[in-house]
Amino acid sequence: MQTARIERTILSNLMSNEPFMRKALPFLQSKYFHDSSEKMIYEAISDFITRYNKMPSAEVLTIELNEAHNIPEPEFKSTVEVINTLNTENADLDWLIDVTEKFCKE
């Protein structure tokens, strides 16, 4: 079983929790994500929200990343695996904002 990581919780909630997305996105940066798959997913989410002003689905993210032709196949596959593990169940907003602020500071 995979351990829960705050990065995955943040990514999940950027895709499913609009109040969190609106509060947190202006403060998040791709450099905060150390895992390359998580960094690519964050960038795809951020780009999508900037373009369309709404949250992307997992399917949309996969298509967007697939169309970024510079991603090597093994890295694309591992990134899609990460997308498929993201939980769309929203975390408590107050808790999530607190831990996201700590994550950004670190």
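Structure: above.
Along every chain, residues carry numbers that run from 1 in the direction the sequence is written. Confidence filtering applies because this is a predicted model: local features only for residues at pLDDT of at least 70, side-chain atom pairs given and counted only at 80 or more, and all residues used for totals across whole chains, interfaces and linings. Heavy atoms from the whole structure form the basis of all side-chain values; hydrogens and water molecules are not counted.

Trainee: In this structure, what is going on with the overall build of the protein chain? I would like to understand it.
Mentor: We count a stretch as a helix when DSSP gives it H or I for four or more residues in a row; a strand needs E for two or more, and each element gets its number in order from the N terminus. When helices and strands are counted, the protein chain shows six helices and zero strands. Secondary structure elements of the protein chain occur, N-terminal to C-terminal, as α-α-α-α-α-α. Each radius of gyration is computed over the set of C-alpha atoms, and the globule rule expresses the reference value as 2.2 Å times the number of residues to the power 0.38. The C-alpha atoms of the protein chain give 13 Å as radius of gyration, which agrees with the globular expectation for 106 residues (13 Å, within 12%). Overall, the C-alpha framework of the protein chain stretches about 35 × 35 × 25 Å when taken along its three principal axes. Using a 1.4 Å probe on the protein chains alone, a residue whose accessible area is under 20% of its type maximum counts as buried, one over 50% counts as exposed, and one in between counts as partly exposed. Going through the 106 residues of the protein chain one by one, you find that 41% of them count as buried. Throughout, the Shrake-Rupley method with a 1.4 Å probe supplies accessible areas, and for residues the shown protein chains are the sole cover considered. For the protein chain, the computed accessible surface area is about 6600 Å², with 50% contributed by carbon and sulfur atoms. Residues counted as positive are Lys and Arg, residues counted as negative are Asp and Glu, and His and the chain ends are not counted. All charge positions are set by atom: Lys at NZ, Arg at CZ, Asp at CG, Glu at CD. Charge-centre separation for the protein chain: the mean point of 11 positive side chains lies 4 Å from the mean point of 18 negative side chains.

Trainee: Would you mind showing me how to read a negative patch on the surface here?
Mentor: Patch membership is restricted to residues that have no salt bridge and whose relative accessible area is over 30%. Joining uses 9 Å for like charges and 5 Å for the nonpolar side chains Val, Leu, Ile, Met, Phe, Trp and Tyr. The rule for a salt bridge is simple: a side-chain nitrogen of Lys or Arg has to be within 4 Å of a carboxyl oxygen of Asp or Glu. Residues D92, D94, D98 and E101 make up a contiguous surface patch of negative charge. Relative to the helices and strands, D98 resides in helix α6 (residues 93-105).

Trainee: Can you help me understand the environment of H69 in this one?
Mentor: Among the secondary structure elements, H69 is positioned in the loop between α4 (58-67) and α5 (73-85). With a relative accessible area of 74%, H69 lands in the exposed category.

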